[in-house]
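# Residue-level structural notes
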Amino acid sequence: MKKKRAFLKWAGGKYLLLDDIQRHLPEGDCLVEPFVGAGSVFLNTDFKKYYLADINSDLINLYNIIKHSSSQFIADARGFFTPETNNAETYYAHRSLFNQSNDPYYRALLFLYLNRHGYNGLCRYNLRGQFNVPFGRYVRPYFPQAELEWFAIRAQQATFVCESYAQTLSQVKRGSVVYCDPPYAPLSSTANFMAYHTNSFSAKEQALLAELAQKLAQKKSVPVLISNHDTEMTRKWYEEATLHIVTARRSISRSAKGRTKIDELLALYT
């Protein structure tokens, strides 16, 4: 089957690593993802059931609306993808409306608009929980209708929940498989891109995730696969796992010149 792209632009998305992830992801009845993000792994695997979690309430709200009301949502969302909406003034006005709104459906529409019109697929909030990604200045933002329709089909097999990774992992049942794509550890002490939603995924959290993964594998026989940068610290955190090195193309820049190939780890606990 041809690989399917997610409908969201997402920094750190796993589309380019799908072949490696699929190669090392064990079989099971249910795939559990505590950090679902844009959902590339979910969209390109074939499990009977999916339990997909994230701490970003806007993301999970969007997914549940598409699951239950995809046709109406796609029709309404299309209206936000016109030449008239693709300018800085309109973008910042919509961003302000998004930050003021408590309506789940309207927030979902604006979340998709902001994602496809904002800078480089970033999803970032300030400490007050306000979305603060700047305008992306794209010539013609793509409306992902086909990707939304595919997501809606796949979503019928999935449960989407907003909860912490620790809560998700505490509920995993035997027969499941877990794939974790946490905010990545920095490559150096000066390169810290772990800010995610209104929280920061610290070294303590990284170590706890590794500990919980090992316990799941040992006590419940649930295999856990974790992605992260290949660094001295990640190798220490995952010392009890089987490590597979893969090469990924990463970029913080929108320019192709800003993209470099770096080594990543797939740590498998069995």
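Residues numbered from 1 in each chain as written. Predicted model: local features only at pLDDT ≥ 70, side-chain atom pairs only at ≥ 80, totals over all residues. Heavy atoms only, no water.

## Overview of the pattern of salt bridges
It is possible for side chains of opposite charge to pair when their charged atoms get near one another. The following threshold applies: We define a salt bridge as a contact between a side-chain nitrogen of Lys or Arg and a carboxyl oxygen of Asp or Glu at a distance within 4 Å. Put simply, DSSP marks the helices as runs of H or I at least four residues long and the strands as runs of E at least two long, and each gets a number from the N terminus on. Throughout this description, buried means an accessible area under 20% of the type-specific maximum (1.4 Å probe, protein chains only), exposed means over 50%, and partly exposed covers the range between.
The tally for this structure, following the rule as stated, stands at five salt bridges. Among the ionic pairs, Lys 14 bridges to Asp 181, the shortest N-O distance being 3.0 Å. Of this pair, Lys 14 sits in the segment before α1 (18–24) while Asp 181 sits in the loop between β4 (176–180) and β5 (195–196); the two residues are 167 residues apart in sequence, bridging distant segments of the chain. Neither residue differs from the other here; Lys 14 and Asp 181 are each classed as buried. Of the charged contacts, one joins Asp 58 and Arg 107 as a salt bridge, the two residues approaching to 2.9 Å between their closest N and O atoms. In this pair, Asp 58 sits in helix α3 (residues 57–78) while Arg 107 sits in helix α5 (residues 104–117), placing the two residues 49 residues apart along the sequence. Exposure remark for Asp 58: the relative accessible area of 6% places this residue in the buried category. Taking relative accessible area as the criterion, Arg 107 reaches 15% and is therefore assigned buried.

## Some thoughts on the nonpolar core
Note the threshold: What makes a nonpolar core is a set of buried Ala, Val, Leu, Ile, Met, Phe, Trp, Tyr and Cys residues whose side-chain atoms join them at distances within 4.5 Å. What marks off one domain from the next here is an automatic or database domain assignment. We call two residues in contact when some of their heavy atoms are within 4.5 Å.
Residues Leu 8 and Phe 73 are the most contacted members of the largest nonpolar core, which totals 57 residues. Both of domain 1 (17–55 + 163–269) and domain 2 (63–146) provide at least three residues apiece to this core. Not counting residues within four places of it along the chain, the set of residues in contact with Leu 8 comprises Ala 38, Leu 59, Leu 62, Tyr 63, Phe 111, Leu 112, Asn 115 and Arg 116. Residues Ala 210, Leu 216, Val 222 and Ala 241 belong to the second largest nonpolar core, which totals 24 residues.

## Looking at the domain arrangement of the protein chain
The domain architecture assigned to the protein chain consists of domain 1 (17–55 + 163–269) and domain 2 (63–146). With centres defined by C-alpha atoms, the gap from domain 1 to domain 2 works out at 27 Å.

## Let's talk about unusual backbone geometry
In this structure, Asn 120 takes a positive phi of about 60° despite not being glycine. Note on placement: Asn 120 falls in the loop between α5 and α6 (145–155). The backbone of Arg 137 sits at a positive phi, close to 60°, despite the residue not being glycine. Inspection of the secondary structure puts Arg 137 in the loop between α5 and α6.

## A look at the packing of α3 against α5
In plain terms, the rule: For helices, the fitted line uses only the C-alpha atoms of the stretch in contact; every axis is such a line through C-alpha atoms, and the angle between N-to-C directions lies from 0 to 180 degrees. An angle counts as roughly parallel when it lies under 35 degrees, as roughly antiparallel when it exceeds 145, as roughly perpendicular when it falls between 65 and 115, and as oblique in every other case. Classes in brief: Ala, Val, Leu, Ile, Met, Phe, Trp, Tyr, Cys and Pro nonpolar; Asp, Glu, Lys and Arg charged; the others, Gly included, polar.
At a minimum axis separation of 9 Å, α3 and α5 run at an interaxial angle of 85°. Relative to α5, the element α3 is oriented roughly perpendicular. Contacts between α3 and α5 involve Asp 58, Leu 59, Asn 61, Leu 62, Ile 65, Gln 72, Phe 73, Asp 76 and Ala 77 on the former and, on the latter, Pro 104, Tyr 105, Arg 107, Ala 108, Leu 109, Phe 111 and Leu 112. Here the contact of α3 with α5 is built from residues that sort into eleven nonpolar, two polar and three charged.

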